[in-house]
Amino acid sequence: EIIIQPTPEAACRYVAGRIASLLSAKPAAVLGLATGSTPVGVYRELIQLHQRGEADFSHAAAFNLDEYLGLAPEHPASYHHFMQENLFQHVNFNPGRTFIPSGQASDVSAACADYEAKIRAYNGIDLQLLGIGGDGHIGFNEPSSSLSSRTRLKTLTPRTREDNARFFSSPEEVPHHVLTMGVGTIMEAREIFLLAFGQGKADAIAASVEGPVTANVPASVLQFHPTAKIVIDEAAASRLQ
Ligand code: F6R
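Quick caveat, the model's predicted, so the values are computed rather than measured.

Draft legend 1. Region of the structure containing the overall build of the protein chain. A count of helical and extended segments in the protein chain gives 7 helices and 10 strands. In terms of C-alpha radius of gyration, the protein chain reaches 17 Å, essentially the compact-globule figure of 18 Å for 241 residues. Its C-alpha atoms put the protein chain at 45 × 40 × 35 Å along the principal axes.

What follows is the structure, given as structure tokens:
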């Protein structure tokens, strides 16, 4: 389902409202969360809903999509830090129920297997929030990622490292490797909301929604998801037929 909203703010309000409704229907809901610029407006809305008493996270759990390998949680560009700043420190999650892949794991494959096991132990993700890369990546599943992949180590493409350099003090500082939920992991979420805003995402959205399902555009696999919703602004929709 494609939902075109007039502005990113309206889109973020819509998605935050859906998350708040899920939390009232199922207080122990398991949320799948994303980082990057796109979901910041959703988190801002959720903080406001929480302050108004309309979103209670005290029984909920959260699993983030990904983390850079080699970054400590305190590093300003780490996704641990991002989540604290943009959401966790402003709402009432139980910190024991928020999970992000560890960028400092000494045994990366064991850490990835543990992450998958933890998601299963929580009975899977109820609602997964996604952004999309200009190349069609979801999580950090870059083009050519297996469509049935699980949480694992991935190498970022030069394009994604360039795109994300804005969060670091210099482009060389962007790590080459990340831990990310797999495409298969993401596809098991019971509900998915993919958000994209701006002209820069228009080609990736058109390829994902109207192109063939292909590992070269990982988000295209969402065509097979029974409930995935693509929530975009007019600019991101501008290349749709
Ligand atoms: C972030 C993530 C990535 C981003 C994507 C878009 O956790 O998994 O897939 O969603 O790179 O990033 P922004 O929103 O910064 O354009």
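Picking up where we left off.
Draft legend 2. Expanded view of the site of the ligand. The local shell around the ligand holds 14 residues, among which T35, G36, S37, T38 and G131 are the closest. When the residues that make up the shell around the ligand are grouped by side-chain class, the tally is 5 nonpolar, 8 polar and 1 charged.

Draft legend 3. Summary view of the sheet that holds strand β2 (residues 30-33). Strands sit in the order β1-β10-β9-β6-β2-β3-β5 across an open sheet of 7 strands; the sheet is parallel. Each edge of the open sheet carries a strand with a single partner, namely β1 (2-5) and β5 (98-99). Pairing between strand β9 (residues 191-196) and strand β10 (residues 229-233): 4 bridges, direction parallel. Looking at β10, one finds that L195 is bridged to V231. Its contacts with the sheet put helix α1 (residues 8-25) on β1, β2, β6 (127-130), β9 and β10, and the angle it makes with β10 is roughly 150 degrees.

Draft legend 4. View of the environment of L22. Positionally, L22 belongs in helix α1. Remark: the alpha-carbon pair of L22 and A55, spanning 33 residues in sequence, is separated by 9.4 Å.

Draft legend 5. Focus on the UniProt feature "site: Part of the allosteric site" (unreviewed entry) in the protein chain. In the UniProt entry, the feature "site: Part of the allosteric site" (unreviewed entry) is given for S145, R152, K154 and T155. Considering the arrangement of structural elements, one finds S145 in the loop between β6 and β7 (152-155). Apart from the residues within four sequence positions on either side, S145 is in contact with V183, A215 and P218. Along the polypeptide, K154 turns up in strand β7. Excluding its chain neighbours within four sequence positions, the residues that come into contact with K154 are F140, N141, E142, H177, V178 and T180.

Draft legend 6. Seen up close, the nonpolar core. With 67 residues, the main nonpolar core has V15, L194 and I205 as its most contacted residues. Ranked by the residues each element gives to this core, the list is headed by α1, at 6 residues. Residues within four places of V15 in sequence aside, it is in contact with V42, F193, L195 and V231.

Draft legend 7. Here's a closer look at helix α4 (residues 108-121). Here α4 spans 20 Å end to end across 14 residues, near enough to the 20 Å set by a 1.5 Å rise per residue. Of the residues making up α4, those classed as buried are C112, Y115 and I119. Down the axis, α4 shows its buried residues gathered within 55 degrees of arc, on one side only. Turned more than 90 degrees away from the buried face of α4 sit A110, A117, R120 and A121, all of them exposed. On its buried side, α4 packs onto β3 (61-64), β7, β8 (177-180) and α6 (183-187). Remark: N123 follows α4 within two positions and exhibits a positive phi of approximately 65 degrees.

Draft legend 8. The arrangement of the sheet that holds strand β4 (residues 66-68) in detail. Here we have 3 strands laid out as an open sheet, ordered β4-β8-β7, and antiparallel in their pairing. Each of the sheet's edge strands pairs with one partner strand only, and the pair in question is β4 and β7. Neighbour to neighbour, the strand axes of the sheet diverge by 30 degrees on average, direction disregarded.

Draft legend 9. Summary view of helix α2 (residues 40-51). Here α2 is 12 residues long and its end C-alpha atoms lie 17 Å apart, about the 16 Å a rise of 1.5 Å per residue gives. All of the buried residues in α2 are G41, V42, Y43, E45 and L46. Residues of α2 that are buried sit in contact with α1, α3 (79-86) and β6. Phi turns positive one or two residues past the end of α2, at G53, with a value near 80 degrees.

Conventions adopted
Residues numbered from 1 in each chain as written. Predicted model: local features only at pLDDT ≥ 70, side-chain atom pairs only at ≥ 80, totals over all residues. Helix = DSSP H or I, 4+ residues; strand = E, 2+ residues; numbered from the N terminus. Rg over C-alpha atoms; globule rule 2.2 N^0.38 Å. Near = placed C-beta within 6 Å. Nonpolar A, V, L, I, M, F, W, Y, C, P; charged D, E, K, R; others polar. Pairing = 2+ DSSP bridges. Contact = placed C-beta atoms within 7 Å. Axes fitted to C-alpha atoms, helices over the stretch in contact; angles between N-to-C directions. UniProt positions renumbered as here; feature names shortened; annotations may be inferred. Core = buried A, V, L, I, M, F, W, Y, C linked by C-beta atoms within 7 Å. Buried ≥ 20, exposed ≤ 12 C-beta atoms within 10 Å, placed from the backbone. Expected span 1.5 Å × (residues − 1). Arc of directions from axis to C-beta.

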